[in-house]
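Chains, contacts and geometry: an overview
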Amino acid sequence: MHRYLPHTEADEKLMLESIGAQSIDDLFNDIPENLRLNRKLDLPEPMSEMELVSHMKDLSTANKSIDELVCFLGAGAYDHYIPSIVKHLAMRSEFYTAYTPYQPEISQGTLQAIFEYQTMICNLTGMDVSNASMYDGATACVEAAMMAVESTRRDSVVVSSTVHPEVREVLKSYMKFRDVKVIEVDMADGVTDWEKLKALMGKDIAGVIIQNPNFFGIIEDLTDIEKIVHENKSLLISYVDPISLGIIKSPSEYGADIVIGEGQSLGNSLNYGGPYLGFLATTSKLMRKMPGRIVGQSNDVDGKRAFVLTLQAREQHIRRYKATSNICSNQGLNALIAAIYMITMGKKGLREVAVQSTQKAHYALEQLTKTGKFKPLFNKPFFKEFAITGSVESKKVNSELLKHNILGGYELEKDYPELKNSLLLCVTEKRTKKQIDKLAEVMEVI
Amino acid sequence: MKDYNKLIFEISKEGRIAYSLPPCDVDEKELNTLIPDSFLRSEDVDLPEVSEVDVVRHFTNISNKNYGVDTGFYPLGSCTMKYNPKINEDMANLSGFSNLHPYQPEDTVQGALELMYHLDQMLSEITGMERVSLQPAAGAHGELAGLMIIKAYHESRGDNKRNKIIVPDSAHGTNPASAAVAGFEIIEIESDKNGAVDLDKLKEVLNDEIAGLMLTNPSTLGLFEKNIKEIADLVHEAGGLLYYDGANTNAIMGIARPGDMGFDVIHLNLHKTFSTPHGGGGPGSGPIGVRKDLVKFLPVPVVEKQGDKYVLDYDRPESIGKIKSFYGHFGVAIKAYSYILSMGAEGLKKVSEKAVLNANYVMNKLKDHYYLPIDQVCKHEFVLGGLINKENNISTLDVAKRLLDYGYHPPTVYFPLIVSEAIMIEPTETESKETLDGFIDTMIKIAQEADENPELLKSAPHNTPVRRIDEAKAARNLILKWEKNK
Ligand SMILES: Cc1ncc(COP(=O)(O)O)c(C=O)c1O
């Protein structure tokens, strides 16, 4: 017997009799003999719960988590505080052991939570509609680019080189298979070079992807870019950090047509990179080109308000190869977590997280550049991340910091070979003045 | 409880809060001296203002309107809604896993990399493939990555005209949709009367423009594709590759392996076969496995072992590239890894044996009451074609809705498309004979009700939190978010 398998020998005997089979093997007679494995799989011996826990603790303690390290690393995955209730509520098994709400009468919990999630994503971004989630920020960006290609019937997209390097890479991997050209536009002093962008625009450009705050944490001025993009009848795709929207203008205010981003920072643990969630919101005009699931409000036969999956005629189970996307399972639980987080922080809390992150990041830059050993790489307004540069190799800085149990910044040279000795640091509301002072102190003597 | 019908926005009251943060301990400056006013929003985001108790009660109450595997029997065919072991959640929540930043130096994440490396090895052994990548986020994402690999393979051989993928008409919608996203043209072939691949039809479409064939085995009808070797030979002779949709792996673990059947590229659904919860729609995890000569095409990074150190290898010039941020759904992979360690080789084989036993038991008990289009031994699931007695015009949807009244999650309905009025039942191995007997009795009772009191079914469900929903209205009069005064 195994703890997850309830069949007793007597049960099995009765069931086989009822089927009219002699043995379990009879039920596998349809598998040709030459295809049978006929040996035991080569796997470790099964573990009891106690053995498993001890094995997994050994593995997990072979890592150094940000519980032990003071984290100044961001670059697309952020160490914001997660209130206790977020996990408690998301881990209610009525939520996490259900699947896609195809039977709405017994899935109102999931459906309502997603409806609330969609509402809050719309309120954050200022857009008309949001879907129920994408795999992550990078794949959401791909889907947005495809929406632009499909709705403009053009075959190129422009992406700023200030967009997260991994997002650009994922975009390129996908577009290669769709014969869609991805054109990168250079940066000037850490922001998208709008003059170069202007020179690139033409009848082939479906959309322009700008990250804001960008990969370097800089808030881009999109006034000119928006004009350039829309005068060319292309779509403006804005990739945003949802926490920044606590204080920064919503993308709809600067004319974005599609807003996407990585939603991890909304209450999701870092989890060594996943699962996170991508969000995608757009205008009513582009709604029918949206990928993924969407929850709508209706009523039941008694007139009671009820929620249901809607606009399904875009999806793979109906449209098959003509669907707007191939996505089926999405990031439902991560979207639920994001919803609980946004509600818990609420109007005031989201603002305060954003304000404290801004204040602390600016304090950190001041402390780190005080003596001139390090200087800011760019001189532009930023949110919670900033790049600094000095005479020491970034790798060396990070390994020294690690000796003091500090997780240092992202080494920019990896993706931008010209940016030598440069680190991208992130400061969230979780960092204290003492931790920041310590960072500055250690870095001063490297 | 059942009557709780508020949206969070409707209980919001100005001034309430549910969070706490320490005071800002650095010197605070005027915000607009740090960020110019032109970038700042003029009003706070319209988010709810509620207390902590409000949030807790709200989500507890709405969760009570949900049905999960922990609530009861969930025989949703093709989705493998087995029990999700609690210990796996605890393991994934260990701080040494859940609090790792994806860009930490490799030296500080050796345990995580070791886990990924071992999971790759174990999944490779279970499926008979050379290597497995944990990158894809879900089944459909795995399909897409696998198809990209198929294209890369042909192109690496200078074989550039293979732009078509064959998909049987019994396939899941993601198969053709993924092929389209990967830039292929789709050739759909009709299945034979047993829902299997029709060899003659396959031969007709095979030529030097075919990149590959996508298949699941057991098929979406829950039947083992006996001619799989022949199919594989035909596809290979024509220069194509064979892709395995792993949605149905729960039937064959420790018994037969896709690698041995001739599949070249596969995906698995950790959220089906390997017990990770479905999360109300996700996250899933869809690792892909490949045969030896295709390893070089796997997405980057690949976890490698160098001496006694684990590393993330990005230096793979023939790779299809990056298909997702970071390294896949690590948090989900931990749960699948814990599951495999809890089961061991014998346990996994028992899983498949009991899954098949359960499906055959239920099928045999129901076939006198519901139409069984193909009466032969099934694997982990089977497909019925609605009620036998069609006189009262009771549809599969009516049967499904009536099941809700009896406290069951209905099976998958109207899929696969090749069976009309399809009811696809997958009990899974974690269900006891008592649970199955209860479900069988209920299904038979519903068949009787259909004869005696059809109205009861047509107007079902009767005792769920909400009753049948006007889906047409939802699509016509779109309300996709809550708005004040609306
Ligand atoms: C047969 C089959 N193939 C593919 C998929 C897609 O998997 P996912 O939802 O994980 O993307 C499913 C999922 O329901 C399926 O049943």
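Just above, that's the structure.
Reference entry: report on the structure contained in this document. Predicted model only: the values in this text are computed from it and were never measured.

What counts and what doesn't
Residues numbered from 1 in each chain as written. Chains lettered and ligands numbered in written order. Predicted model: local features only at pLDDT ≥ 70, side-chain atom pairs only at ≥ 80, totals over all residues. Heavy atoms only, no water. Helix = DSSP H or I, 4+ residues; strand = E, 2+ residues; numbered from the N terminus. Polar contact = N/O pair within 3.5 Å; in protein donor to acceptor, adjacent residues only side chain to side chain. Contact = heavy atoms within 4.5 Å. Pairing = 2+ DSSP bridges. Axes fitted to C-alpha atoms, helices over the stretch in contact; angles between N-to-C directions. Buried < 20%, exposed > 50% of the residue type's maximum accessible area, 1.4 Å probe, protein only. Near = heavy atom within 4 Å. Areas by Shrake-Rupley, 256 points an atom, 1.4 Å probe, with all protein chains shown as cover. Nonpolar A, V, L, I, M, F, W, Y, C, P; charged D, E, K, R; others polar. Buried area = accessible area lost by both parts, 1.4 Å probe. Salt bridge = Lys/Arg side-chain N within 4 Å of Asp/Glu carboxyl O. Parallel < 35°, antiparallel > 145°, perpendicular 65-115°, else oblique. Left-handed = near helix turned anticlockwise from the far one by under 90°.

Turning to the side chain of Gln316(A), a few remarks are in order. Along the polypeptide, Gln316(A) turns up in helix 10 (residues 316-319). A polar contact of 3.1 Å, which involves the side chain of Gln316(A), links it to the backbone nitrogen of Thr174(B). Residues in contact with Gln316(A), not counting those within four places in the same chain, are Ala323(A), Ser325(A), Asn326(A), Ile327(A), Cys328(A), His172(B), Gly173(B), Thr174(B) and Ala177(B).

With that settled, consider the sheet that holds strand 7 (residues 205-212) of chain A. All names here are of chain A. Read from one edge to the other, the open sheet built from 7 strands follows the order 2-10-9-8-7-3-4, with strand pairing classed as mixed. Either end of the sheet is taken by a strand with one partner, and the two such strands are strand 2 (129-130) and strand 4 (181-185). In terms of strand pairing, strand 2 meets strand 10 (residues 278-282) through 2 bridges, oriented antiparallel. Bridge pairing links Ser 130 to Ala 281 in strand 10. Each of strand 3 (156-160), strand 4, strand 7 and strand 8 (235-240) touches helix 7 (residues 165-176); the most contacted strand, strand 4, lies at about 155° to it. Along the sheet face, helix 9 (residues 223-231) touches strand 7 and strand 8 and points at about 140° away from the line of strand 8.

Regular strands place side chains that alternate from one sheet face to the opposite one. All names here are of chain A. The element strand 9 (residues 258-262) is extensively covered by neighbouring structure, given that 5 of its 5 residues are classed as buried. Covered by surrounding structure in strand 9 are Ile 258, Ile 260 and Glu 262 together with Val 259 and Gly 261, the residues of both alternating faces. As paired strands, strand 8 and strand 9 are joined by 3 bridges and run parallel to one another. Across the sheet, Ser 238 pairs through a bridge with Val 259, a residue of strand 9. Direction of pairing for strand 9 relative to strand 10: antiparallel, over a ladder of 5 bridges.

In this structure, the amide linkage connecting Asn217(B) to the following residue, Pro218(B), adopts the cis form with an omega of 0°. Looking at the secondary structure, you find Pro218(B) in the loop between strand 4 (210-215) and helix 9 (228-237). With omega at 0°, the peptide bond leading from Ala460(B) into Pro461(B) counts as cis. Tracing the chain through its elements places Pro461(B) in the loop between helix 14 (454-458) and helix 15 (471-476). The phi torsion at Asp179(A) lies on the positive side, around 55°, for a residue other than glycine.

Around the ligand sit 15 residues in total, of which Ser329(A), Ser78(B), Ala140(B), Asp245(B) and His271(B) are the nearest. What surrounds the ligand is not a single chain but chains A and B. Within the contact set of the ligand, an oxygen atom lies 2.7 Å away from a side-chain nitrogen or oxygen of Ser329(A). At 2.5 Å from a nitrogen atom of the ligand is found a side-chain nitrogen or oxygen belonging to Asp245(B). Considered on its own, the ligand offers 390 Å² of accessible surface; in the complex 98% of this is hidden by protein. The element contributing the most residues to the shell around the ligand is helix 6 (residues 139-156) of chain B, with 3 residues. The class makeup of the residues in the shell around the ligand is 5 nonpolar, 7 polar and 3 charged.

All names here are of chain B. Judged by pairing direction, the sheet is antiparallel, and its 3 strands sit side by side in the order 10-12-11 without closing on themselves. A strand with exactly one partner marks an edge of an open sheet, and here the two such strands are strand 10 (382-384) and strand 11 (412-413). As defined by bridge partners, strand 11 adjoins strand 12 (residues 423-425) across 2 bridges and the pair is classed as antiparallel. Residue pairing in the sheet places Thr 412 in a bridge with Met 424 of strand 12.

A few words now on the interface of chain B and chain A. With 203 residues of chain B at the contact, the number on the chain A side is 180 residues. Note on chain B versus chain A: buried area summed over both sides is about 17300 Å², and carbon and sulfur give 63% of it. Linking chain B with chain A are 14 salt bridges, by the criterion used here. Among the ionic pairs, Lys347(A) bridges to Glu49(B), the shortest N-O distance being 4.0 Å. Here chain B is connected to chain A by 92 residue pairs in polar contact (both at pLDDT 80 or more). Ranked by the residues each element gives to the side of chain B that touches chain A, the list is headed by helix 11 (residues 330-366) of chain B, at 28 residues. Its residues assigned to classes, the side of chain B that touches chain A comprises 107 nonpolar, 51 polar and 45 charged.

Once that is clear, we can look at the packing of helix 5 (residues 110-127) of chain B against helix 11 of chain B. Working note: a packed helix pair is described by the angle between its axes plus the distance between those axes. All names here are of chain B. Between helix 5 and helix 11, the least distance of the axes is 10 Å, while the angle of their chain directions is 45°. Relative to helix 11, helix 5 is oriented oblique. Viewed along their axes, helix 5 and helix 11 form a crossing whose handedness is left-handed. Note on element contacts: helix 11 touches helix 5 through Phe 330, Ala 333, Ile 334, Tyr 337, Ile 340, Leu 341 and Leu 348, opposite Ala 112, Leu 115, Met 116, His 118, Leu 119, Met 122, Leu 123 and Ile 126. Taken together, the residues that form the contact of helix 5 with helix 11 break down as 14 nonpolar, 1 polar and no charged.

Just distances and angles here, no functional claims.
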